[in-house]
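Okay, here's what each chain looks like letter by letter:
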Amino acid sequence: MKHITDEDLTLLFYGEHDDPTLAVMVAESEELSARYDALCAELKLADAYQPPQRGDDYGAEVWQRIESQLVGKEAKTGGRLGNWLASFIQPRFSMAGALSIALVAALAFTLGRNGGQEVINNPIATEGAVPAMAMADIDSSRLLTHSVSTHLEQVNLVLTQFVNTSETSSNETEYATDMLVANRLYRQAAVQQGNHKLAAFLADLEPLLIELAYQAQSGSPATRERMQQEVKDGLLFRVRVMNKQLNKPEISV
Amino acid sequence: MTQIEQKIIRKAAKGDRAAFRQLVLEHSHAMFRLAWRLSGDENAAEDIVQEAFIKAWRKIGEFRMDASFKSWMHRITVNTAMDYLRKHVRRKQFETAEPEWETLDRAAQVPDTGTQIDISRQTQVAMMDLSEAERTALLLKHYEGHSIQEVARIMEITTGACKQNIFRAVKKMRVALRPLVAT
């Protein structure tokens, strides 16, 4: 039997060992188990080494300190006329965003039409370990989970920016419009798939995204403050928690 | 990387400050954590974070969209921290003739009561006893959760050299932390 070194156990601890049988060998051998447990206990102590906390406004503080030192390039703008022309020439959505939306639309269409029952041509399904019908469900569920997770990362990014700025920017409304469209499609897909918890969560997000998308035309500073408070009071936290849950495959959402 | 993040990076690369501000808001906390663990000092970490963002602003046009922005920022933070520490530790040694870590060692010589603070302090001392390369590799692997390949890319070394740094660091850390396990 191959001699197992501490280096092997370290790689196993970090999930980086090439040999998938090593974990089994460790579990089956008392001596290896004892060595591995000792390594885990010692390395887990290092988790106590935590940096001092920084407040929610830390990013804004850093920006304030560095803003004046950012020199060397300015945004290339074409002046008022250029911007006005650009608003007609530039597409409302980026290609990447459009592709993403098309993908979700396709997902929603497929789920809606087949109810997630059609067999997807997946090589794993032919191995016989899992019935093909169940495999199709799992694949469409994973596709939705992955798409929504990416969507929530984007929502998190835009909401973080939103609660830290006092004025509406065109970027903000543009991103919110993109996200609103995507959010609706994901919600429909979740309903089709019977994932009512996810659908309800996305439905909760929608009113805020609508307000964000249209605040440039109608929003007052007071409205913005009220919305920022709403986001700070829990919505941002809920978005992060939901995204974490989606990234844990063992927990069904 | 999300599509919106790509969009923001492209805008920042063209000189859009609002877009770059979004990146600062998003990545400041993570960069502070890394900078603090690399330097072991709050004020130094603050300086490193600021300097790293200023460098990122200058170099963002060189960022490749197929790479991970987080890893790219970590590479800048690591390089900035190394420059900072070499400069400041050298200056401090010249001014006080007392190595910075000796002060830290003395502070750490508290009774081993096994409290979270003792463990944290002991870990910090052990961490600072590692070489720069060992410390960086371990931090990026253990606390930041990068794969060994990513750590190697960030440190601009081979995967083999990266593994060796992690192994040496783990060995030293285990020796330092072992007495605390039983407490």
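Quick caveat, the model's predicted, so the values are computed rather than measured.

This part takes up the overall build of chain A. A tally of regular secondary structure across chain A gives 10 helices and 0 strands. N-terminal to C-terminal, the α/β element order of chain A is α-α-α-α-α-α-α-α-α-α. Going through the 253 residues of chain A one by one, you find that 25% of them count as buried. Contacts spanning at least 24 positions in sequence make up 63% of the contacts within chain A whose residues lie at least 6 apart.

Below, the discussion takes up the overall build of chain B. The number of helices and strands found in chain B is 9 helices and 0 strands. Walking chain B from its N terminus toward its C terminus, one meets helices and strands in the order α-α-α-α-α-α-α-α-α. Across the 183 residues of chain B, 40% fall into the buried class. Restricting the contact set of chain B to residue pairs at least 6 apart, pairs at least 24 apart contribute 63%.

A word on the interface of chain A and chain B. Contacts between the two partners involve 45 residues from chain A and, on the opposite side, 49 residues from chain B. Secondary-structure elements contributing two or more residues to the side of chain A that touches chain B are α1 (6-13), α3 (30-45), α4 (58-66), α6 (95-114), α7 (132-163) and α8 (170-192) of chain A. Considered class by class, the residues forming the side of chain A that touches chain B number 21 nonpolar, 15 polar and 9 charged.

When the local axis directions of helix α10 (residues 221-246) of chain A are compared, the greatest deviation, roughly 55°, occurs at Lys232 of chain A. Listed as buried for α10 of chain A are Met227, Val239, Met242 and Leu246 of chain A.

Residue and element names in this part refer to chain A. Averaged over every residue, the pLDDT of chain A is 74; residues scoring 70 or more account for 68%. For chain A, the element scoring lowest by mean pLDDT is helix α5 (residues 79-89), at 44; α1 scores highest, at 95. Every residue in residues 75-96 is under pLDDT 50, and counting partners more than four places away or in other chains gives 15 contacts. In this model residues 115-133 is a low-confidence stretch, pLDDT under 50, and it forms 22 contacts with partners more than four residues away in sequence or in other chains.

For the rest of this paragraph, the subject is the nonpolar core. Counting residues in each nonpolar core, the largest one holds 82 residues, and the members touching the most others are Val158 of chain A together with Ala35, Val49, Phe53 and Ala137 of chain B. Here the element with the most residues in this core is helix α2 (residues 17-39) of chain B; it accounts for 11 residues. With sequence-adjacent residues up to four places away left out, Phe53 of chain B is seen in contact with Val62 and Ile66 of chain A together with Val24 of chain B.

With that settled, consider the packing of α2 of chain B against helix α3 (residues 42-59) of chain B. All names here are of chain B. Where α2 meets α3, the closest approach of the two axes is 8 Å, and the angle between their N-to-C directions is 140°. With respect to α3, the element α2 is oriented oblique. In the crossing of α2 with α3, the sense of the turn from one axis to the other is right-handed. Packed against α2, whose contacting residues are Phe20, Val24, Ser28, Met31, Phe32, Ala35, Trp36 and Ser39, the element α3 presents Glu42, Ala44, Ala45, Ile48, Val49, Ala52, Phe53 and Trp57 at the interface. Across the contact of α2 with α3, the residue classes break down as 13 nonpolar, 2 polar and 1 charged.

Inspection of the secondary structure assignment puts Arg10 of chain B in helix α1 (residues 3-13). Separated by 10 residues in the primary sequence, Arg10 of chain B and Phe20 of chain B have C-alpha atoms spaced 9.6 Å apart.

Moving on, we get to the packing of α1 of chain A against α3 of chain A. All names here are of chain A. Interhelical geometry of α1 versus α3 gives an angle of 60° and a closest axis separation of 10 Å. In terms of axis orientation, α1 runs oblique to α3. By crossing handedness, the relation of α1 to α3 is classed as right-handed. Of α3, the residues touching α1 (which contributes Leu9, Thr10, Leu12 and Phe13) are Arg35, Tyr36, Leu39, Cys40 and Leu43.

Reading predicted coordinates in detail is not appropriate for stretches of low pLDDT. All names here are of chain B. Residues at a pLDDT of 70 or more form 84% of chain B, whose mean pLDDT is 85. Considering only residues more than four positions removed or in separate chains, one finds that residues 96-112, a stretch of pLDDT under 50, has 17 contacts. The complex model carries a pTM of 0.59, and its ipTM stands at 0.82.

All names here are of chain B. Taken together, the buried positions of helix α8 (residues 148-155) are occupied by Val151, Ala152, Ile154 and Met155. Across the axial projection of α8, the buried residues extend over an arc of 165°, all falling on one side. Within two residues after α8, Glu156 carries a phi angle of roughly 55°, on the positive side.

What counts as what
Residues numbered from 1 in each chain as written. Chains lettered and ligands numbered in written order. Predicted model: local features only at pLDDT ≥ 70, side-chain atom pairs only at ≥ 80, totals over all residues. Helix = DSSP H or I, 4+ residues; strand = E, 2+ residues; numbered from the N terminus. Buried ≥ 20, exposed ≤ 12 C-beta atoms within 10 Å, placed from the backbone. Contact = placed C-beta atoms within 7 Å. Nonpolar A, V, L, I, M, F, W, Y, C, P; charged D, E, K, R; others polar. Bend = angle between axes of the 7 residues up to and from the residue. pLDDT = per-residue confidence, 0-100. Core = buried A, V, L, I, M, F, W, Y, C linked by C-beta atoms within 7 Å. Axes fitted to C-alpha atoms, helices over the stretch in contact; angles between N-to-C directions. Parallel < 35°, antiparallel > 145°, perpendicular 65-115°, else oblique. Left-handed = near helix turned anticlockwise from the far one by under 90°. Arc of directions from axis to C-beta.

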